[in-house]
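# Notes for the structure review
So you can see what is in the structure, the chains are spelled out below.
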Amino acid sequence: MKKYSRITLTALLILALLVGITACGDTPTSDPGSTPNSATIPSTSGTKPADSTEDGCTLILKTQDDKVLPDVTLSIALDGVPVVTTRTDSEGKAKVELDPGTYSISYMGLPGWLSVIIAMAVCTVLGIVIEGLAYKPLRGASPLAVLITAIGVSYFLQNAAQLIWGSAPKNFKSIVTMKPIVLFGGQLTITGEVIYTIAASVLIMVALTLFISRSRMGKAMRAVSEDRAAAQLMGINVNQTISTTFAIGSALAAIAGVLLCSTVPTLMPTTGSMPGIRAFTAAVFGGIGSIPGAMLGGILLGIIETLSKAYISPQFSDAIVFSVLIVILLVKPAGLLGKQIQEKV
């Protein structure tokens with residue numbers, strides 16, 4: 001077995017171990033007395049959950065001794081930013097209707113589109129800093145050492161986020177305001193988040209493919225990926241090229257994070273752990289170095305995981321995905337769209 005095949009299989013074993021650790025650590029616990037989709041306010045108000053809808057709910061405001069509070073003005077804030085003001089009626093009920101576009105990503109009170117741009121800028125700077133501190137000293141190290149460093153950086157970022165923002169889950173309202181598309185009399189519903197995610201993925205894939213194949217920096221990235229020493233002899237700035245790669249990847253990770261949290265509205269420091277592992281798995285599945293292959297690998301892994309949860313078992317879906325991946329790599333080590341290059345000696 002060739003060297004890169006051994007490294008790939010070793011990486012898969014490490015990833016499989018991480019999947020098991022993450023699955024055990026992130027299993028949500030439920031309170032038997034909790035009510036799904038219920039609205040609550042601090043316990044001093046004695047609020048009882050009532051009717052709720054997708055973008056609103058009805059609150060019943062009562063005291064601790066179960067007396068209703070009529071004609072009371074309520075101001076509801078998200079992360080300290082007021083998003084809606086309402087008033088209770090004679091029965092202590094208050095209808096709360098929230099517009100998804102008014103409080104999306106309101107941590108700093110900014111509009112959703114501006115927050116996405118700021119997130120991309122922050123992640124870009126963070127990616128460049130991490131590359132310089134963690135990866136630049138490993139230029140001549142083995143690929144396995146770089147892989148282990150990547151895992152260590154991932155855990156460092158998760159724990160740093162937990163120290164800064166805490167470990168409690170936070171609500172993340174979708175920035176997508178597009179209404180779902182209902183087909184076949186309600187049997188099939190396509191949410192706006194799904195449409196935005198597919199459109200963004202296709203657009204990014206086309207843009208990256210054109211950038212890699214036609215731009216000067218893209219050609220430098222391909223040269224450094226092929227042979228770093230030869231690229232440096234040809235006058236390519238290897239460090240700048242690698243830093244640019246990390247910057248682009250970090251900016252795209254910000255977009256992926258926004259789309260992920262728009263689909264799964266519960267945000268935690270470990271939210272990106274499992275999707276990150278699956279993204280790397282999809283890249284290996286489709287073929288390392290192939291942008292269309294990475295997208296194809298992600299789609300196929302999603303289909304396999306969904307079918308596994310629906311027809312086999314939700315608990316074994318990750319194991320099935322990795323088993324299929326290992327079989328594919330044994331048959332086609334370079335991935336579905338990857339090219340196997342023979343080295344001459």
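All values derive from a computational prediction rather than experimental measurement. (Residues numbered from 1 in each chain as written. Predicted model: local features only at pLDDT ≥ 70, side-chain atom pairs only at ≥ 80, totals over all residues. Heavy atoms only, no water.)

## Focus: the overall build of the chain
Let me state the cut-off plainly: Helix and strand assignments follow DSSP, with helices taken as H or I runs no shorter than four residues and strands as E runs no shorter than two, numbered in order from the N terminus. A 1.4 Å probe rolled over the protein chains alone gives each residue an accessible area, and that area as a share of the maximum for its type sets the label: buried under 20%, exposed over 50%, partly exposed in between. Every residue pair with non-hydrogen atoms within 4.5 Å of one another is taken to be in contact. Per-residue and other accessible areas were derived by the Shrake-Rupley procedure at a 1.4 Å probe size, with only the shown protein chains allowed to occlude residues.
Across its full length, the chain carries 10 helices and 8 strands. Across the 345 residues in the chain, those meeting the buried criterion constitute 27%. Contacts in the chain between residues at least 24 apart in sequence constitute 51% of all its contacts with a sequence separation of at least 6. Accessible surface, the chain as shown: approximately 21600 Å² in total, 65% of it carbon and sulfur.

## Quick notes on the confidence of the model for the chain
Parts of the prediction with low pLDDT should not have their coordinates interpreted in detail. Definition in use: The pLDDT score gives, residue by residue, the confidence of the prediction method on a 0 to 100 scale.
Residue-level pLDDT values for the chain average 75, and 70% of them are 70 or greater. Scored below 50 in pLDDT, residues 16-55 makes 45 contacts in the model with residues more than four places away or belonging to other chains. Every residue in residues 99-106 scores below 50 in pLDDT, and together they form 22 contacts with partners more than four places removed in sequence or on other chains.

## Some words on unusual backbone geometry
Although it is not a glycine, phenylalanine 184 adopts a positive phi angle of roughly 55 degrees. Relative to the assigned elements, phenylalanine 184 resides in the loop between strand S6 (181-183) and strand S7 (188-190).

## Considering the packing of aromatic side chains
We apply this condition: Any two rings among Phe, Tyr and Trp, with Trp reduced to its six-membered ring, count as a pair given centres within 6.5 Å; such a pair is stacked if its planes are under 30 degrees apart, edge-to-face if over 60, and tilted if neither.
By the definition in use, this model includes 1 aromatic pair. When the centroid spacing of 5.0 Å and the interplanar angle of 40 degrees are considered together, the rings of tyrosine 135 and phenylalanine 246 count as tilted. With tyrosine 135 in helix H2 (residues 112-135) and phenylalanine 246 in helix H7 (residues 238-263), this pair connects stretches of sequence that are 111 residues apart. Here tyrosine 135 falls in the buried class, since its relative accessible area comes to 13%.

## Let's talk about the nonpolar core
The following threshold applies: By nonpolar core is meant a set of buried Ala, Val, Leu, Ile, Met, Phe, Trp, Tyr and Cys residues that side-chain atoms within 4.5 Å join together.
Formed by Ile277, Ala282, Val284, Phe285, Leu301, Val321, Phe322, Leu325 and Leu329, the largest nonpolar core amounts to 9 residues. Put simply, the parts of the chain that give this core at least two residues each are helix H8 (273-286) and helix H10 (317-331). With near-sequence residues (within four places) excluded, alanine 282 lies in contact with Gly293, Ala294, Gly297, Gly298 and Leu301.

## Section: the environment of lysine 173
Its place among the elements puts lysine 173 in the loop between strand S5 (170-171) and S6. Among the residues examined, lysine 173 registers a relative accessible area of 22% and is labelled partly exposed. Residues lysine 173 and threonine 266, 93 residues apart in the sequence, show an inter-C-alpha distance of 8.6 Å.

## What to know about the pattern of salt bridges
Oppositely charged side chains may form a pair once their charged atoms are brought near each other. Threshold: Should a side-chain nitrogen of Lys or Arg be within 4 Å of a carboxyl oxygen of Asp or Glu, the pair is scored as a salt bridge.
Going through the model one piece at a time under the given rule, you end up with 4 salt bridges. As a salt-bridge pair, glutamate 131 and arginine 139 come within 2.6 Å of each other at their nearest N and O atoms. With a shortest N-O distance of 2.9 Å, arginine 278 and aspartate 318 are connected by a salt bridge. With arginine 278 in helix H8 and aspartate 318 in helix H10, this pair connects stretches of sequence that are 40 residues apart. Since its relative accessible area comes to 17%, aspartate 318 is described here as buried.

## Topic: H7
Heads up, the condition is: Each helix should span, by expectation, one fewer than its residue count multiplied by 1.5 Å. Here a polar contact is taken to be a pair of N or O atoms separated by no more than 3.5 Å, where protein atoms must pair a possible hydrogen donor with a possible acceptor and residues adjacent in sequence count only if both atoms sit in side chains.
The end-to-end C-alpha distance of H7 is 38 Å, a good match for the 38 Å that 26 residues give at a rise of 1.5 Å each. Taken together, the buried positions of H7 are Val238, Thr241, Ile242, Ser243, Ala247, Ser250, Ala251, Ala254, Val258, Leu259, Cys261 and Ser262. Looking at the buried positions of H7, the neighbouring elements they touch are H2, helix H4 (192-214), helix H5 (216-226), helix H6 (228-233) and strand S8 (266-267). The N-cap residue of H7 is asparagine 237: its side-chain oxygen and the backbone nitrogen of asparagine 239 are 3.4 Å apart.

## Concerning the packing of H2 against H7
Threshold: Here, axes are lines fitted to C-alpha atoms. For helices the fit covers the stretch in contact, and angles between N-to-C directions go from 0 to 180 degrees. These descriptions rest on fixed angle ranges, namely under 35 degrees for roughly parallel, over 145 for roughly antiparallel, 65 to 115 for roughly perpendicular, and the rest for oblique. Should the near helix be turned anticlockwise from the far one by less than a right angle, the crossing is left-handed, and should it be turned clockwise, the crossing is right-handed. Under the convention adopted here, Pro, Cys and the residues Ala, Val, Leu, Ile, Met, Phe, Trp and Tyr are nonpolar, Asp, Glu, Lys and Arg are charged, and Gly plus all remaining residues are polar.
Interhelical geometry of H2 versus H7 gives an angle of 140 degrees and a closest axis separation of 7 Å. By the angle between their directions, the pair H2 and H7 is classed as oblique. Classified by chirality, the crossing of H7 by H2 is right-handed. Contacts between H2 and H7 pair Val116, Ala119, Met120, Cys123, Thr124, Gly127, Ile128, Glu131 and Tyr135 from the former with Ile242, Ser243, Phe246, Ala247, Ser250, Ala251, Ala254, Ile255 and Val258 from the latter. Considering only residue class, the contact of H2 with H7 consists of 13 nonpolar, 4 polar and 1 charged.

## Regarding the packing of H4 against H7
One way to put it is that H4 packs onto H7 with a least axis distance of 10 Å and a crossing angle of 170 degrees. It follows that H4 is roughly antiparallel to H7 by the angle criterion. Here Glu193, Tyr196, Thr197, Ala200, Ile204, Leu208 and Phe211 of H4 lie close against H7, whose contacting residues are Ile248, Leu252, Ile255, Leu259, Ser262 and Thr263. Here the contact of H4 with H7 is built from residues that sort into 9 nonpolar, 3 polar and 1 charged.

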